[in-house]
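The chain contents come next:
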Amino acid sequence: MASSSSSPAFSSQSWNHDVFLSFRGEDTRKTFVDHLYTALVQKGIYTYKDDETLPRGELINPSLMKAIEESQIGVIVFSENYADSSWCLDELAHIMKCKDTRGQIVIPIFYGVDPSEVRKQKQKYGEAFVKHELENKTKVESWRKALVDASNISGWEPKHIANGHESKVIIEIVEKISQRLQLVSPSANANLIGIASRVQSLKLKLQIGSGGVRMIGIWGVGGGGKTTLASSVYEEISRKFDGCCFLENIWEESSKKGLEELQQKILYGVLREKIVQVERVEEGKHMIKHRLCRRKVLIVLDDVDQLDQLKALAGSHDWFGEGSRIIITTRDVHVISTTAPRVDEIHNISLLNDDEAMELFCKHAPCGHKHKKDYELLSKSVVSYAGGLPLALTVLGCFLCGKDINEWRSAIARLKDIPDTNIVEKLKISFDGLTPVEKELFLDIACFFRGQYKNEGIMAMLDACGFYPVIGIKVLLEKALITISDGRFDMHDLLQEMGRYIVRGEHPENPEKHSRVWKKEDVLKICAMDATKELDMVKAVRFECNSYDLVELPSVANLKNLRWIDWRGDLASPFPTNFPPKNLCCLILDDISQKRLWRGYKVILILYLNNKLKQSG
């Protein structure tokens, strides 16, 4: 089937409707057009169908004209009495005008009439125009031209297709309309930076058009673009399916509304019909499987964070019909790598490279300023700070847009100490889902161990602290909070910033109120405090001083909850012999001149001492 070619202006148009149906109500409203409209809506094609009847001679109302102009495709159902209605002919004339001026696609359907009858205005069409010559003489010529032009477009004749079986004809028509929309619809994500290659990569894994049912998981760090990628692919391929549903923010929505309501949303989204309320999760599972097992569906489950969510919404491949595709986005790879249901492939999200990151940042914070070089240097600082994370680049770009060079400098300097709360809160979602012990483990790695080898010493120390690091590190890896790179602990810069921001909490300038102290200036500040200062919030300290620095340890009597201390450098005075902390499980001392730490026996799991101490016994 061919249709009118679209004008170059089409790609820039903004459409509110996919399809506008023009038809003669008394001929087809309750039959062919009703079935066609239902099939279009079930396919997810937004269709405008006017259900009002306008008496002969009345003018078409402005809202209808506007609906025609806002529709990508005009479908004209030429039936026996179509030309009898001046309203229909006005619609037709306006549709043909929009074809020429707005690039609208026109699809004629010749229902019970021959195209030549329409083109040459014969039989019923001829009779109608005899009346119009008397009543609407001024419009007759434009109507005739519109009929000729429309009937010259290759269209559909239902009586000659599928032996006249209307249901089969309608399926074919809807499929062709769907394909045309897919080819011409301007993508809402067309301007997204770096999206095209990522969409193509995911589409290859989905194997669209092949048989079977495939489940693909998209996994990666928060703010990395998982939802954007899933949404872009959904937009491109959704019209290839019998029914579609994009379920957003499942981790949040399930806690607010319950899994039962999400199950209802899937059923309604795919079937486009009112569903009896789901009372229990098990009932919802049965309904999804029973209603969708013979349908080719596309479902996106966005931001899944618990296995029970996946089991309730897409519990098995056999819930869905041949050719179905299920996309799951998550921050926790464990959710999509278990045995029930196991996804067919895991797609790791790829962050933006430097060029893409700069393009995205500049899109939100244009650098066409008077001192362009200064802005370019500062932009590079922001891009480096964001580390390819789209969320951070977008948030910071929007924040800096319109600000002058001094405000840029100030904002970038502030980021080093105070990260943007919009970014932190988004990243913190994964952290909030950890158990208390896993949170402690993550914070220790973020504050002290990033870049260090995952060796027996560190693992033993973390184990001594009660963090169960073997399983804990596995969880942090699965939730994309840390990585192991060349045997070393690593993480995204902004995740480390988030961890340290959590530790500093509401008291960034008061290190004595932090659970972990790692900055040299903060350790020196604590060491300078008098003996009456409460230090019981400090759990771990790392300090490395220069060989010429001699620093007093803080009042150890107040370090009641200290778990471990890593001190590299000599002390101004001997290590206190009354060292009291009951929770201390690791003591790392290097390059101190003291030959004996204390008298008596103290149990410390790990004790690293320098050669002087070892030699003195």
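Relevant structure appears above.
Owing to the predicted nature of the structure, the values given are computational and were not obtained by experimental measurement. (Residues numbered from 1 in each chain as written. Predicted model: local features only at pLDDT ≥ 70, side-chain atom pairs only at ≥ 80, totals over all residues. Heavy atoms only, no water.)

### Some details on the overall build of the protein chain
A tally of helices and strands in the protein chain yields 25 helices and 16 strands. A burial count over the protein chain gives 50% of its 617 residues as buried. Summing over all exposed atoms, the protein chain offers an accessible surface of approximately 29,400 Å²; the carbon and sulfur share of this is 49%. (Helix = DSSP H or I, 4+ residues; strand = E, 2+ residues; numbered from the N terminus. Buried < 20%, exposed > 50% of the residue type's maximum accessible area, 1.4 Å probe, protein only. Areas by Shrake-Rupley, 256 points an atom, 1.4 Å probe, with all protein chains shown as cover.)

### What about helix 24 (residues 520-527)?
Within helix 24, burial applies to Asp-522, Val-523, Ile-526 and Cys-527. Along the axis of helix 24, the buried residues cluster in a sector spanning 140°; they form a single face. On its buried face, helix 24 is in contact with strand 12 (516-517), strand 13 (540-544) and strand 14 (564-568). (Arc of directions from axis to C-beta. Contact = heavy atoms within 4.5 Å.)

### Digging into the packing of aromatic side chains
Taken as a whole, this structure holds 13 aromatic pairs when the rule is applied. Note on Phe-78 and Phe-110: the rings are 5.6 Å apart at their centroids and 20° apart in plane angle, and the pair reads as stacked. Of this pair, Phe-78 sits in strand 3 (residues 71-78) while Phe-110 sits in strand 4 (residues 105-110), placing them 32 residues apart in sequence. We classify Phe-78 as buried; its relative accessible area is 0%. Taken together, Phe-78, Tyr-82 and Phe-110 form an aromatic cluster joined through their ring pairs. Positioned over the ring face of Tyr-37 is Lys-49, at 5.1 Å from the centre of the ring. Sitting over the face of the ring of Phe-241, Lys-296 holds its NZ or CZ atom 5.4 Å from the ring centroid. (Phe/Tyr/Trp six-rings, centres within 6.5 Å; stacked < 30°, edge-to-face > 60°. Lys NZ or Arg CZ within 6 Å of the ring centre and 35° of its normal.)

### Quick look at the sheet that holds strand 5 (residues 214-219)
Within the open sheet, the 5 strands sit side by side as 6-7-8-5-9. Their pairing is parallel. For this open sheet the edge positions go to strand 6 (243-247) and strand 9 (345-348), each flanked by a neighbour on one side alone. Sheet twist, expressed as the mean angle between neighbouring strand axes with direction ignored, is 15°. Bridging between strand 7 (residues 297-301) and strand 8 (residues 325-330) involves 4 bridges; their strand directions are parallel. (Pairing = 2+ DSSP bridges. Axes fitted to C-alpha atoms, helices over the stretch in contact; angles between N-to-C directions.)

### Let's talk about the pairing of strand 6
With 5 of 5 residues buried, strand 6 is to be regarded as a mostly interior element. A two-sided burial pattern is seen for strand 6, the buried positions comprising Gly-243, Cys-245 and Leu-247 on one face and Cys-244 and Phe-246 on the other.

### Some words on the nonpolar core
With 95 residues, the main nonpolar core has Ile-299, Leu-301, Phe-320, Ile-328 and Phe-442 as its most contacted residues. Apart from residues lying up to four places away in sequence, Leu-301 is in contact with Leu-247, Ile-250, Ile-266, Leu-310, Leu-313, Ala-314, Ile-326, Ile-327, Ile-328 and Thr-329. (Core = buried A, V, L, I, M, F, W, Y, C linked by side-chain atoms within 4.5 Å.)

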